[in-house]
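# Reading the structure
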Amino acid sequence: MIKVNDFAERMKQHWIENLKNVPNKPLKDTWKQICHFFNRHIKHPEDDTWTILSPATGAGKTQSIVVYCSMLSELEDHPGVLVVTRLIQDADNLAEEINEYGSKKTAAAYHSKSKLNIDELTEYPVLVISHRAYQLALDKLSSGTIQQTWPFFKDF
């Protein structure tokens with residue numbers, strides 16, 4: 001697990017040093033809340049209820065994913081994370097940032113323009129896919145012919 005206060009401190013550093021922004025107490029409280037929910041989903045994977053986080057625009061939701069996943073790269077037992085983004089470019093950028101700030105390469109982007117083979121996905125504890133890739137995997141699941149991607153995505 002990532003300690004909430006450690007996460008908030010790492011976000012503060014990232015916010016100042018990399019993003020050139022000024023953090024404040026409401027932002028720090030938001031980051032702590034985000035970390036708490038991420039930790040809860042890792043601690044209780046059987047709980048399939050959705051958590052809706054709705055901090056204001058610019059509060060660091062995407063950057064929280066980057067920092068949290070980069071901190072997971074420091075753990076011996078990485079739980080695995082699936083991130084679904086809107087666009088292919090977003091998936092590429094997010095995976096690149098996670099790897100940049102982590103202690104080792106743990107994230108991969110997978111989509112229609114990816115150079116990765118689907119069999120290589122298990123080498124990465126963090127998988128970033130486009131919304132369309134996720135949608136196509138669910139379509140295959142509902143059609144009763146689960147082949148290609150769903151078995152690889154569901155493990156995350």
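Fair warning: this is a prediction, and the values are worked out from it, not measured in the lab.

Our focus in this paragraph is the packing of aromatic side chains. If you walk through the whole model with that rule in mind, you get three aromatic pairs. Judged by centre distance (5.9 Å) and plane angle (70°), the rings of Phe7 and Tyr68 are edge-to-face. Within this pair, whereas Phe7 is found in helix α1 (residues 4-18), its partner Tyr68 is found in helix α3 (residues 61-72), the two being separated by 61 residues in sequence. The two residues Phe7 and Tyr68 agree in class, both being buried.

Attention now goes to the packing of helix α2 (residues 25-43) against α3. Following both chains from N to C, one finds α2 and α3 inclined at 50°, their axes separated by 11 Å at the closest point. By the angle between their directions, the pair α2 and α3 is classed as oblique. Every pair of crossing elements has a handedness; the one defined by α2 and α3 is right-handed. Across the interface between the two elements, Trp31, Ile34, Cys35, Phe38, Asn39 and Ile42 from α2 touch Lys61, Ser64, Ile65, Tyr68 and Leu72 from α3. Class assignment for the residues of the contact of α2 with α3 results in eight nonpolar, two polar and one charged.

Taken together, the three strands give an open sheet; going across it, the order is β1-β3-β2, and neighbouring strands pair in parallel fashion. The strands lining the two open edges of the sheet, one partner per strand, are β1 (81-85) and β2 (107-110). Here the strands of the sheet are splayed against their neighbours by 20° on average, with no regard to which way each runs.

A full pass over the atoms with the stated rule returns two salt bridges. One salt bridge connects Glu74 with Arg10, and the closest N-O pair in it is separated by 3.1 Å. With Glu74 in the loop between α3 and β1 and Arg10 in helix α1, this pair connects stretches of sequence that are 64 residues apart. For Glu74, a relative accessible area of 43% gives the class partly exposed. The closest approach of N and O atoms between Asp29 and Lys25, which form a salt bridge, is 3.0 Å.

Examined against the element boundaries, Asn99 turns out to sit in helix α4 (residues 88-101). A distance of 2.8 Å separates a polar side-chain atom of Asn99 from the backbone nitrogen of Thr106. Beyond its immediate stretch of four places on either side in the chain, Asn99 contacts Lys104, Lys105, Thr106 and Ala107.

What follows is about the packing of α1 against α3. Interaxial distance between α1 and α3 falls to 10 Å at its minimum, and their mutual angle equals 120°. By the angle between their axes, α1 is oblique relative to α3. Like other packed secondary-structure pairs, α1 and α3 cross with a definite hand, here right-handed. In this structure, α1 contributes Asp6, Phe7, Arg10, Met11 and His14 to the contact, and α3 contributes Gln63, Ser64, Val67, Tyr68 and Met71. A per-class count over the contact of α1 with α3 returns five nonpolar, three polar and two charged.

Parameters at a glance
- Residues numbered from 1 in each chain as written.
- Predicted model: local features only at pLDDT ≥ 70, side-chain atom pairs only at ≥ 80, totals over all residues.
- Heavy atoms only, no water.
- Phe/Tyr/Trp six-rings, centres within 6.5 Å; stacked < 30°, edge-to-face > 60°.
- Helix = DSSP H or I, 4+ residues; strand = E, 2+ residues; numbered from the N terminus.
- Buried < 20%, exposed > 50% of the residue type's maximum accessible area, 1.4 Å probe, protein only.
- Axes fitted to C-alpha atoms, helices over the stretch in contact; angles between N-to-C directions.
- Parallel < 35°, antiparallel > 145°, perpendicular 65-115°, else oblique.
- Left-handed = near helix turned anticlockwise from the far one by under 90°.
- Contact = heavy atoms within 4.5 Å.
- Nonpolar A, V, L, I, M, F, W, Y, C, P; charged D, E, K, R; others polar.
- Pairing = 2+ DSSP bridges.
- Salt bridge = Lys/Arg side-chain N within 4 Å of Asp/Glu carboxyl O.
- Polar contact = N/O pair within 3.5 Å; in protein donor to acceptor, adjacent residues only side chain to side chain.

Remember, this is a structural readout, not a statement about activity or role.
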